[in-house]
Amino acid sequence: MAGAGWSWLVRAMLQLRGSLSPQEPDPDPERGSGSPHADWMGNLPHSLSALPLANLAVPGSHDSFSFWIDEKSPVGPDQPVMVRHLAGIFRSFWKKMMKKWSVTQSLTFREQLEAGIRYFDLRVSTKPGEDDELYFIHGLFGSKVYDGLIEIDNFLKAHTKEVIFLDFNHYYEMQDSNHAYLIQILQKTFGSKLCRANLVEEITLQYLWEHGYQVLVFYHHPMAHDFPFLWPGNQMPAPWANTTDAQKLVQFLETTLNERAKRGTFHVSQAILTPQTRTVIRGLIVGLRDSLVARLVCNLLLF
């Protein structure tokens, strides 16, 4: 998610890639890591905490949960039939290759939060044979959704002025009962921390602190309208460049960032390169990081 300014976003991306010096370990892990970014929202001056939150540049991560992918799991329903068919033929070898293109993060939820990340891109699915449980998914299945939410909530309990955006934007093999379960665990986990949907221009950090809110949930499904603590997905548009060309991506980001003020919503600037089929084939062995990530970061630094 982005507002004015890019330095925070680029710095966060570099830290997520492990390019910044690691922080000293905290003797009290429940309190936090001691990272200078763990409380950046709470440390903002009043002139910024009183601004509409949509006007601030808030660092986020793409496929935020994909720091852990289970290569022993079935291929997810988010993949084309051909990919699932090849996995049935080549089995573990194919899944190892898939994992190289499914993992987009190297830090856990808590580590991302300590690095300053506050927007999370979340994709959810049922798993074959486990219709009563929900998992994060990106090609292959990740961890249980509930476990990830608990990890995030533990951070929020220790950092009471930090605010996060949970963007649930893709669902696979989910019935209304599965959505009801997901909404139930959101309410159970975060409780009074959940911010009720409101006019975007009225949401400031000061407003959130006064009401004890720390979590904004954007739910891209019609059931969002049935619960006051769910923000409809159209309040968090995320235009997507869908390119492997870093310069085209930068041009796209400039255009969409200039247009965001007209929407009266929050806005995601997806600073990501998307591999095409030929990209994956050419970089099948080396994976996503060595094929696209370095190219992207260099261009964003120039931007």
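Colleague: I'm lost on the nonpolar core in this one. Help?
Modeller: Soluble globular proteins tend to pack their nonpolar side chains together in the buried interior. Core analysis: the largest hydrophobic core is formed by 33 residues, its most contacted members being Leu-166, Phe-168, Leu-182, Leu-186, Phe-190, Val-217 and Tyr-219. In this view, Phe-190 contacts Leu-149, Ile-152, Asp-153, Leu-156, Leu-166 and Val-215; residues no more than four positions away in its chain are not counted. If you look at the next biggest cluster of nonpolar residues, it comprises 24 residues, including Met-41, Ala-54, Cys-195 and Leu-216.

Colleague: Sorry if this is basic, but what is going on with helix H3 (residues 81–102) here?
Modeller: An α-helix turns once per 3.6 residues; consequently, residues spaced three or four apart project the same way. Along its 22 residues, H3 runs just 17 Å from first to last C-alpha, ending more than 12% under the 32 Å computed at 1.5 Å per residue. What H3 keeps buried is the set Val-83, Ala-87, Trp-94, Lys-95, Met-97, Met-98, Trp-101 and Ser-102.

Colleague: Before we go on, may I ask you to explain the side chain of Ser-102 in this structure?
Modeller: Among the secondary structure elements, Ser-102 is positioned in helix H3. Under the relative-accessibility criterion, Ser-102 is labelled buried at 4%. In contact with Ser-102, other than residues within four places in its own chain, are Ser-66, Ile-69, His-138, Gly-139 and Leu-140.

Colleague: Can you help me understand the packing of aromatic side chains in this one?
Modeller: Aromatic ring pairs are defined here through the distance separating the ring centres and the angle between the ring planes. Counted according to the given criterion, the structure contains 14 aromatic pairs. A centroid spacing of 5.1 Å and a plane angle of 10° characterise the contact between Phe-65 and Phe-136, whose relative ring orientation is stacked. One end of the pair, Phe-65, is in the loop between strand S1 (60–61) and H3; the other, Phe-136, is in strand S3 (residues 130–138), with 71 residues separating them in the sequence. Accessibility classification places Phe-65 together with Phe-136 in one group, the buried group. Members of the aromatic cluster, joined through ring pairs, are Phe-65, Phe-67, Phe-109, Phe-120 and Phe-136. One residue, Lys-127, lies across the ring of Tyr-135, its end atom 4.0 Å from the ring centre.

Colleague: Explanation requested: the pattern of salt bridges in the structure shown.
Modeller: Pairing is possible between side chains of opposite charge, provided their charged atoms come close. Tallied over the full model, the rule gives eight salt bridges. Put simply, Asp-153 and Lys-157 hold a salt bridge, and the shortest N to O gap is 3.5 Å. Separated by four residues within a single helix, Asp-153 and Lys-157 lie in helix H5 (residues 145–158), roughly one turn from each other. On the basis of relative accessible area, Lys-157 is assigned to the exposed category, the value being 53%. A network of salt bridges, in which partner residues are shared, links Asp-63, Asp-121 and Arg-123.

Colleague: Help me understand the pairing of strand S6 (residues 215–219), please; the structure alone is not making it clear to me.
Modeller: Each regular strand shows side chains that alternate between the opposite faces of the sheet. Within S6, five of the five residues are buried, which leaves the element mostly enclosed by the surrounding structure. Because side chains alternate across S6, one face comprises the buried residues Val-215, Val-217 and Tyr-219, and the other comprises Leu-216 and Phe-218, equally buried. Sheet topology note: the strand S5 (residues 164–172)/S6 ladder contains five bridges and is parallel. Bridge assignment links Phe-165 to a residue of S6, and that residue is Leu-216. Of the strand pairs in this sheet, S6 and strand S7 (residues 230–232) are connected by three bridges, and their pairing is parallel. Residue pairing across strands places Tyr-219 opposite Pro-232, the latter belonging to S7.

Colleague: Please clarify how a nonpolar patch on the surface should be interpreted in this entry.
Modeller: A contiguous nonpolar surface patch, about 300 Å² in accessible area, is contributed by Ile-89, Phe-90 and Phe-93. Within the secondary structure layout, Phe-93 lies in helix H3.

Colleague: In this structure, what is going on with unusual backbone geometry? I would like to understand it.
Modeller: Outside of glycine, negative phi angles account for most residues, and trans bonds account for most peptide bonds. Residue Glu-173 is not a glycine yet carries a positive backbone phi of 50°. Positionally, Glu-173 belongs in the loop between S5 and helix H6 (176–190). For Glu-173, a relative accessible area of 56% translates into the label exposed. Here Asn-242, not a glycine, exhibits a phi torsion of approximately 50°, which is positive. Inspection of the secondary structure assignment puts Asn-242 in the loop between S7 and helix H8 (246–259).

Conventions we followed
- Residues numbered from 1 in each chain as written.
- Predicted model: local features only at pLDDT ≥ 70, side-chain atom pairs only at ≥ 80, totals over all residues.
- Heavy atoms only, no water.
- Core = buried A, V, L, I, M, F, W, Y, C linked by side-chain atoms within 4.5 Å.
- Buried < 20%, exposed > 50% of the residue type's maximum accessible area, 1.4 Å probe, protein only.
- Contact = heavy atoms within 4.5 Å.
- Helix = DSSP H or I, 4+ residues; strand = E, 2+ residues; numbered from the N terminus.
- Expected span 1.5 Å × (residues − 1).
- Phe/Tyr/Trp six-rings, centres within 6.5 Å; stacked < 30°, edge-to-face > 60°.
- Lys NZ or Arg CZ within 6 Å of the ring centre and 35° of its normal.
- Salt bridge = Lys/Arg side-chain N within 4 Å of Asp/Glu carboxyl O.
- Pairing = 2+ DSSP bridges.
- Patch = residues over 30% accessible without salt bridge, like charges linked within 9 Å, V, L, I, M, F, W, Y side chains within 5 Å.
- Areas by Shrake-Rupley, 256 points an atom, 1.4 Å probe, with all protein chains shown as cover.

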